[in-house]
Amino acid sequence: MKKNLFLFILGLFTCFAAEAKKIMFTVDMSSQSTKNATGIHVMGDFQAVAGFGADWTPNTCLMTQDLGDTNLYHFTVDIPAFAKYEFKYLNGDQSYEVEVIPLEAQVGYNFDDNRWFYADSLGNDTLKLPAVRFSENSPLGKTLVRFRVDMTTTPYNIKGVHAAGSFQSNDPSTLRLYSFGSNLFEIISYMDLGTYSYKYYDGNTLADSESVPAACASVGMRPLVLTKDTILNSVCFSSCSSCYPLNTVNVTTTGSCTVYPNPTSDNL
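Caption draft 1: Just the side chain of lysine 88, in detail. By the secondary structure assignment, lysine 88 is in strand E5 (residues 83–91). Since its relative accessible area comes to 10%, lysine 88 is described here as buried. A distance of 3.0 Å separates the side chain of lysine 88 from the side chain of aspartate 113, its partner in a polar contact. Not counting residues up to four positions away in its chain, the partners in contact with lysine 88 are His41, Val42, Met43, Trp56, Val98, Glu99, Ile101, Asp113 and Asn114.

Caption draft 2: Expanded view of the packing of aromatic side chains. Counted under the stated rule, the structure contains 17 aromatic pairs. Ring geometry for phenylalanine 87 versus phenylalanine 117: centroids 5.9 Å apart, planes at 65°, classification edge-to-face. Pair noted here: phenylalanine 87 is in strand E5 and phenylalanine 117 is in strand E6 (residues 115–119), with a separation of 30 residues, a long-range link. Overall, phenylalanine 87 belongs to the buried group, its relative accessible area being 5%. Aromatic rings pair up to connect Phe25, Phe46, Tyr85, Phe87, Tyr89 and Phe117 into one cluster.

Caption draft 3: Focus on the sheet that holds E5. One open sheet holds the three strands; their spatial order is E2-E5-E6, and the pairing between them is antiparallel. The two strands at the open ends of the sheet, each matched to only one other strand, are strand E2 (40–44) and E6. Averaged over all neighbouring strand pairs, the angle between strand axes comes to 35°, with direction disregarded. Here E5 pairs with E6 via five bridges, running antiparallel. By the bridge assignment, phenylalanine 87 is partnered in E6 with arginine 115.

Caption draft 4: Structural detail: the state of the cysteines. Applying the stated criterion across every chain yields a total of two disulfides. Across the disulfide from cysteine 216 sits cysteine 240; the S-S distance is 2.2 Å. Across the disulfide from cysteine 216 to cysteine 240, rotation about the S-S bond amounts to roughly -85°, and the bridge is consequently left-handed. Here cysteine 216 is found in the loop between strand E13 (194–202) and strand E14 (222–226), whereas its partner cysteine 240 is found in the segment after strand E16 (235–236), with 24 residues between them in sequence. With a relative accessible area of 34%, cysteine 240 lands in the partly exposed category. Disulfide partner of cysteine 236: cysteine 243, at an S-S distance of 2.0 Å. Measuring handedness by torsion sign, the sulfur bridge of cysteine 236 and cysteine 243 sits at about 90° and is right-handed. Under the relative-accessibility criterion, cysteine 236 is labelled buried at 4%. Cysteine 243 sits in the buried class, given a relative accessible area of 1%. When the bonded cysteines of the protein chain are counted from the start of the sequence, the pairing works out to 1-3, 2-4.

Caption draft 5: Region of interest: unusual backbone geometry. In the Ramachandran plot, tryptophan 56 falls in the positive-phi region, its phi being about 65° despite a non-glycine side chain. Its place among the elements puts tryptophan 56 in the loop between helix H2 (47–50) and strand E3 (64–65). Positioned with a positive phi, serine 169 is a non-glycine residue whose angle comes to about 65°. Here serine 169 is to be found in the loop between strand E10 (161–165) and strand E11 (178–181).

What counts and what doesn't
In this convention, every chain numbers its residues from 1, walking through the sequence in written order. Reporting in this predicted model follows two pLDDT cut-offs: at least 70 for local features of residues, and 80 or more for side-chain atom pairs to be given and counted; totals over whole chains, interfaces and linings ignore these cut-offs and use all residues. Only heavy atoms go into the side-chain values, all of them from the structure, while hydrogens and water stay out. The helix and strand labels rest on DSSP assignments: H or I over at least four residues marks a helix, E over at least two residues marks a strand, and numbering proceeds from the N terminus. A 1.4 Å probe rolled over the protein chains alone gives each residue an accessible area, and that area as a share of the maximum for its type sets the label: buried under 20%, exposed over 50%, partly exposed in between. In protein, a polar contact requires one atom able to donate a hydrogen and another able to accept it; more generally it is a pair of N or O atoms within 3.5 Å, and residues adjacent in sequence count only if both atoms are side-chain atoms. Residues count as neighbours in contact if any of their non-hydrogen atoms are within 4.5 Å of one another. Pairing of aromatic rings covers Phe, Tyr and Trp, the last through its six-membered ring, and needs centres within 6.5 Å; plane angles under 30 degrees mean stacked, over 60 mean edge-to-face, and all others mean tilted. Two strands are counted as paired when DSSP detects at least two bridges linking them. Inter-axis angles, ranging from 0 to 180 degrees, are taken between N-to-C directions of lines fitted to C-alpha atoms, where helices are fitted over the stretch in contact. Here, the term disulfide refers to a pair of cysteine sulfur atoms separated by no more than 2.5 Å.

Such coordinate-based values are descriptive only and should not be taken to indicate function.
Next up, the structure:
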């Protein structure tokens, strides 16, 4: 009996370990004139599964100050991979001390104003989230861009929907998009201001690339001129525009209507 119990517990541990991903949260507090004496914290819907009490508890995940850059604070957890998580940083340990997140970085649906990320791999390496500035969109010196593609007309690959471009060596295996629903897939990335090109991929190899129509392509790629934090318009996979309407239909009718009383000067 004891042996079976041991094997059961070992199995659970092995299963969790196989699915866990180490995540490092990092926030840049350089925009804040004062840092709360109770410390810098992070809270979100990862806390319960990581063993830090109930989700969205403001005082259980105390961040550690970086030794090299004292404006940076870190917090690392092991949580299940292949899942989306939401979070916020706090200058203190009370809910009212939470940051106010700009629209571009928010989940943005159903009045959800949290930050979010998708844990997309099981690698032994630590997924280090970008060191975004407290209550701002992006890390210092970087600009946010939010990629959005509609897969309504394309059965999506089990390997995931990805984006790739000149900003990351056109590698279709590293930037996996997440869908909040309605077949719309998104990801937030950070880069320097400038001109780039990119594509969406129904999968994670070069062969899974979309075919960008000439009307919206530059040398076969989608062009991007980044001048500020940007949410890209959603486009249909392999299209220049949204998936709907797919076409227009002329409607004719032979019906008629009658007005009473006729003539009328007030109600009818």
